[in-house]
Amino acid sequence: MGNSVPLILGGLAAGSVAGLFGAGGGLVLVPILGLWGGMEESRLFPASVAIILPVCVTVLAASLWQEGLSLSDALPYLPGSALGGLFAGLWGKKIPVQWLHRLLGIFILWGGIRNLCRV
């Protein structure tokens with residue numbers, strides 16, 4: 001894998017983004033895995049999800065420990081999230097990578113505009 005320092009720094013950036021903003025680590029990981037990790041495009045999104053899972057669990061544990069976060073706030077969203085994840089896992093490979101990049105870009109723009117317009 002050559003020089004792993006950029007990959008470690010990329011992981012640090014992804015974990016920091018996920019921890020600070022509650023999500024978005026994949027936003028950092030997908031380009032890093034492609035550019036610095038030399039990963040094939042068809043493997044970028046699944047690898048990003050596999051990396052983000054332990055990050056999310058760690059952020060959740062830290063939030064529960066520090067802030068007394070109530071898991072009951074998340075419970076209503078879990079069934080739909082699980083079904084969406086199952087759908088994406090089973091049929092995501094059938095979506096061209098170019099369209100996945102476009103969809104990701106649209107969601108990033110939407111989230112950015114939404115946050116910039118908040119008062």
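Residue numbers here run from 1 along each chain, matching the order of that chain's written sequence. In keeping with the predicted nature of the model, local features appear solely for residues at pLDDT of at least 70, side-chain atom pairs appear and are counted solely at 80 or more, and the whole-chain, interface and lining totals rest on all residues. Excluding hydrogens and water, the side-chain figures rest on all heavy atoms present in the structure.

Engineer: Looking at this structure, I do not really get the packing of helix α2 (residues 25-35) against helix α3 (residues 41-67). What am I missing?
Structural biologist: Axes are the key here: two packed helices are described by the angle between their axes and the distance separating the axes. Under this scheme, a helix contributes an axis fitted over its contacting stretch, all axes are lines through C-alpha atoms, and angles between N-to-C directions fall in the 0 to 180 degree range. Only DSSP runs of H or I with at least four residues qualify as helices, and only runs of E with at least two residues qualify as strands; both kinds are numbered from the N terminus onward. Across the interface, α2 lies against α3 with an axial gap of 9 Å and an inter-helix angle of 130 degrees. Our classification of the angle between α2 and α3 gives oblique. The way α2 lies across α3 gives a crossing that is right-handed. Residues G25, G26, L29, V30, L33 and G34 of α2 touch α3, and the partners they reach there are L44, F45, A47, S48, I51 and I52. In terms of residue class, the contact of α2 with α3 is built from eight nonpolar, four polar and no charged. Each angle is binned into one of four classes, with values under 35 degrees roughly parallel, values over 145 roughly antiparallel, values of 65 to 115 roughly perpendicular, and all other values oblique. Note on convention: the crossing is left-handed when the near helix lies turned anticlockwise from the far helix by less than a right angle, right-handed when the turn is clockwise. What makes two residues a contact is simply this: any of their non-hydrogen atoms within 4.5 Å. Charged means Asp, Glu, Lys or Arg here, nonpolar means Ala, Val, Leu, Ile, Met, Phe, Trp, Tyr, Cys or Pro, and polar covers whatever is left, Gly included.

Engineer: So what exactly am I meant to see when it comes to the packing of aromatic side chains here?
Structural biologist: In this description, an aromatic ring pair is defined by two values, namely the gap between the centres and the angle between the planes. Any two of the Phe, Tyr and Trp rings considered here, Trp counted by its six-membered ring, make a pair once their centres fall within 6.5 Å; the pair's planes then place it as stacked at under 30 degrees, edge-to-face at over 60, or tilted in between. Taken as a whole and assessed by the stated rule, the structure comprises one aromatic pair. Sitting over the ring of W99, R102 keeps its end group 4.8 Å from the ring centre. Should the NZ of a Lys or the CZ of an Arg lie within 6 Å of a ring centre and within 35 degrees of the ring normal, that charge is described as sitting over the ring. Positioned above the aromatic ring of W110, the side-chain terminus of R114 is 5.2 Å from the ring centre.

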